[in-house]
Amino acid sequence: VQLQASGGGLVQAGGSLRLSCAASGNIFNFNAMGWYRQAPGKQRELVATISSARSRTYGGSVKGRFTISRDNAKNTVYLQMNGLKPEDTAVYYCNARRVVVGGPSNDYWGQGTLVTVSS
């Protein structure tokens, strides 16, 4: 599967952005879709995931501000980001995960989209 992330850009603190991740295949085939981010000099971290049953998890720093959703008909996952802070500045990566029983999960990554939040 190929994942195409879009929607990043420059926004002032307190503003909003909506990221989209369009998959080339059926996202229902994956156990979970998600967003991760990596800031300069830092490790990649979880932002949010959504399972095929629409169960959601969020990283601690974004809870209450970000919302992940999915549209299976469009094979697209969204990340609505509100109340953006300068510390949200990072490259955001879309992820598709397929769990393998008894082995490591199969992860697929998009190319990343840059989000810059100015103070």
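Above this text sits the structure in question.
Participant: When you look at the overall build of the protein chain in this model, what are you seeing that I'm missing?
Facilitator: Secondary structure summary: the protein chain contains zero helices and eleven strands in total. On C-alpha atoms alone, the protein chain measures out to a radius of gyration of 14 Å, which is about the 14 Å that the 2.2 N^0.38 rule sets for 119 residues. Taking the principal axes of its C-alpha atoms as reference, the protein chain extends roughly 45 × 30 × 25 Å. Going through the 119 residues of the protein chain one by one, you find that 40% of them count as buried. Counting only contacts in the protein chain whose residues sit at least 6 apart along the sequence, the fraction spanning at least 24 positions is 53%. When the accessible surface of the protein chain is summed, it comes to about 6,100 Å², and 48% of that surface belongs to carbon and sulfur atoms. For the protein chain, the distance from the average site of its 13 positive side-chain charges to the average site of its 5 negative ones is 5 Å.

Participant: Teacher, can you tell me more about the pairing of strand S7 (residues 66-71) here?
Facilitator: Regular strands have side chains that alternate between both faces of the sheet. Of the two faces of S7, the one lined by Phe-66, Ile-68 and Arg-70 is fully buried and the one lined by Thr-67, Ser-69 and Asp-71 carries no buried residue. For S7 and strand S8 (residues 76-81), the ladder comprises six bridges, and the chain directions are antiparallel. Among the inter-strand pairings, Thr-67 is bridged to a residue of S8, identified as Gln-80. The antiparallel pairing of S7 with S8 creates a hairpin that spans four residues between the two strands, and Asn-75 there sits at a positive phi of about 50°.

Definitions and cut-offs
Residues numbered from 1 in each chain as written. Predicted model: local features only at pLDDT ≥ 70, side-chain atom pairs only at ≥ 80, totals over all residues. Heavy atoms only, no water. Helix = DSSP H or I, 4+ residues; strand = E, 2+ residues; numbered from the N terminus. Rg over C-alpha atoms; globule rule 2.2 N^0.38 Å. Buried < 20%, exposed > 50% of the residue type's maximum accessible area, 1.4 Å probe, protein only. Contact = heavy atoms within 4.5 Å. Areas by Shrake-Rupley, 256 points an atom, 1.4 Å probe, with all protein chains shown as cover. Lys, Arg positive; Asp, Glu negative; His and termini not counted. Charge placed at Lys NZ, Arg CZ, Asp CG, Glu CD. Pairing = 2+ DSSP bridges.

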